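Each chain is listed here by its residues.
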Amino acid sequence: MIFWQLFWNFLNIGIFAFGGGYATLPFLYHISETYNWYTFDELSNMIAVSSITPGPIGINMATYAGFKTSGLTGSIIATVSIVLPSLIFAVLISKALKKFRENIYVKSIIYVLKPLGCGLLSAVGVNMFINDFLSKNINIYNIIFLTILIFISLRKRLNPLFYLGVAAIYGVLAGMLHFI
Amino acid sequence: MTNISLKDIYIRFFRIGTLLLGGGYVILPLLQSEIAEKYDCITDDNVCEYYAISQSLPGVIAINTAVFVGYKLARTKGALAAITGMVTPAFLSIILLANLLTQIVHVPFVQNIFLGVGIGVLALLFQAVNEMWKKSIVDKGAFLIFLASFTALIAFKVFPIYIVISGIILGVIIGFIRSRRGAEK
């Protein structure tokens with residue numbers, strides 16, 4: 001039963017998540033709310049681990065979520081089912097790439113789905129901000145640290161490894177100095 | 001001319017998958033050096049086109065690109081070899097790390113790291129949203145769509161699939177209007 005649900009949910013992510021790795025987050029967030037497979041807190045760890053390990057982030061997160069749900073079998077099912085729609089779609093349109101790209105309906109759908117995906121990810125981000133930051137470890141040092149990171153991200157696009165590396169060091173220091 | 005074997009495709013994508021660290025931004029140069037330079041039937045332009053189309057398809061972008069390249073090299077079998085190669089390093093590293101993490105997550109030192117990393121993740125999400133924003137909010141209509149989907153998820157907790165399906169329907173309607181307009185001109 002759980003395997004079937006896992007298959008169905010991740011198949012849907014493969015079909016409906018537009019916009020790359022982070023676009024799967026709203027779906028993973030919804031899963032955390034619907035089933036007791038993993039908590040919203042664990043989702044933040046999942047993002048961190050997926051961003052520092054080799055491979056596409058979307059695949060890493062699917063494997064991780066599947067693993068949290070039901071171990072090795074779960075991770076295999078989640079990974080296979082998120083990939084399956086890609087295989088079918090891409091093989092189908094391989095024969096008519098140019099036609100697909102220039103089709104007015106395709107263009108219009110992309111025009112809608114891009115800001116829509118941005119809205120969904122923002123909603124997850126705001127929820128995570130409330131859940132992980134405002135309601136937990138709110139103190140002046142954390143606020144300053146987050147503000148600096150966000151300021152840096154506005155100036156320059158950096159590799160996720162940078163943010164997470166700096167943040168890990170910050171966590172260790174904060175723990176040693178007892179202000180986290 | 002490199003001999004196209006499924007094993008070769010698998011190994012090349014395994015290598016690309018391993019080097020994909022911290023997001024898909026580096027995939028294009030990797031594909032150019034690992035694929036376009038090695039196989040005669042795929043050029044730099046092909047690779048760029050595959051990557052561009054992959055972004056407008058659902059699912060994981062790197063996987064979509066792998067399917068296109070693999071399919072071009074050796075049909076469905078090639079696509080399967082490419083996907084498997086791309087997925088293997090991601091899968092193995094997560095399994096190893098997830099196992100390790102469940103064992104050490106209760107150590108105070110590790111908990112401190114994750115508390116810090118939690119803040120890093122917020123900055124990471126902010127950057128991701130910012131990147132998407134620049135590419136997607138091109139006019140007032142796009143901004144309204146952004147607001148609608150944001151509100152639907154955060155305030156009404158609408159199932160994301162329903163939000164995306166509504167978006168696809170809206171896209172079809174806009175496409176219909178645009179094509180009618182095109183026909184009139």
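If you're wondering where the values come from, they're calculated on a predicted model, not measured in any experiment.

## Comments concerning the overall build of chain B
The secondary structure content of chain B amounts to seven helices and zero strands. Counting from the amino terminus, chain B carries its helices and strands in the arrangement α-α-α-α-α-α-α. Taken against the 2.2 N^0.38 rule, which gives 16 Å for 185 residues, the C-alpha radius of gyration of chain B at 21 Å runs more than 25% over that of a compact globule. With the principal axes as the frame, chain B shows a C-alpha extent of 55 × 50 × 25 Å.

## Side note on the domain arrangement of chain B
As far as domains go, chain B holds domain 1 (6-104) and domain 2 (108-184). Computed from C-alpha coordinates alone, the two centres of domain 1 of chain B and domain 2 of chain B are separated by 25 Å.

## Description of the interface of chain A and chain B
Interfaces are often sized by the accessible area lost when the parts come together. Contact with chain A, which involves 94 residues of that partner, is made by 85 residues of chain B. For the side of chain A that touches chain B, the secondary-structure elements that each account for two or more residues are helix 1 (2-16), helix 2 (25-34), helix 3 (40-52), helix 4 (57-93), helix 5 (97-102), helix 6 (104-134), helix 7 (140-155) and helix 8 (160-176) of chain A. It is helix 6 of chain A that contributes the most residues to the side of chain A that touches chain B, 26 residues altogether. Here the residues of the side of chain A that touches chain B sort into 60 nonpolar, 30 polar and four charged.

## Topic: the confidence of the model for chain A
Across chain A, the average pLDDT comes to 91, with 98% of residues at or above 70. Averaged pLDDT values over the elements of chain A bottom out at 86 in helix 5 of chain A and peak at 96 in helix 1 of chain A.

## As for the confidence of the model for chain B
Residues and elements named next belong to chain B. Scored by pLDDT, chain B has a mean of 91; 96% of the residues are at 70 or more. The lowest-confidence element of chain B is helix 2 (residues 27-36), averaging 90 in pLDDT; the highest-confidence one is helix 6 (residues 140-154), averaging 97. Of the two predicted TM-score estimates for the complex, the pTM is 0.91 and the ipTM is 0.91.

## Some thoughts on the environment of Ile-130 of chain A
Relative to the helices and strands, Ile-130 of chain A is located in helix 6. Sequence-wise, Ile-130 of chain A and Leu-25 of chain A are 105 residues apart; in three dimensions their C-alpha atoms are separated by 16 Å.

## Notes on the nonpolar core
Core analysis: the largest hydrophobic core is formed by 109 residues, its most contacted members being Leu-121 of chain A together with Ile-63, Ala-66, Val-67, Ala-82, Ile-83 and Met-86 of chain B. Tallying contributions element by element places helix 4 (residues 61-104) of chain B first for this core, with 20 residues. Two domains share this core, each providing at least three of its residues, namely domain 1 (6-104) and domain 2 (108-184) of chain B.

## Re unusual backbone geometry
Negative phi is the rule for most residues except glycine; trans is the rule for most peptide bonds. Residues and elements named next belong to chain B. Its identity as a non-glycine residue notwithstanding, Arg-75 has a phi of 50 degrees, on the positive side. In this structure, Arg-75 sits in helix 4. Accessibility expressed as a C-beta count within 10 Å gives 12 for Arg-75, which makes it exposed. Its identity as a non-glycine residue notwithstanding, Lys-157 has a phi of 50 degrees, on the positive side. Tracing the chain through its elements places Lys-157 in the loop between helix 6 and helix 7 (160-184). The class of Lys-157 is partly exposed, set by 14 C-beta atoms lying within 10 Å.

Criteria and cut-off values
Residues numbered from 1 in each chain as written. Chains lettered and ligands numbered in written order. Predicted model: local features only at pLDDT ≥ 70, side-chain atom pairs only at ≥ 80, totals over all residues. Helix = DSSP H or I, 4+ residues; strand = E, 2+ residues; numbered from the N terminus. Rg over C-alpha atoms; globule rule 2.2 N^0.38 Å. Domains from an automatic or database assignment. Contact = placed C-beta atoms within 7 Å. Nonpolar A, V, L, I, M, F, W, Y, C, P; charged D, E, K, R; others polar. pLDDT = per-residue confidence, 0-100. Core = buried A, V, L, I, M, F, W, Y, C linked by C-beta atoms within 7 Å. Buried ≥ 20, exposed ≤ 12 C-beta atoms within 10 Å, placed from the backbone.

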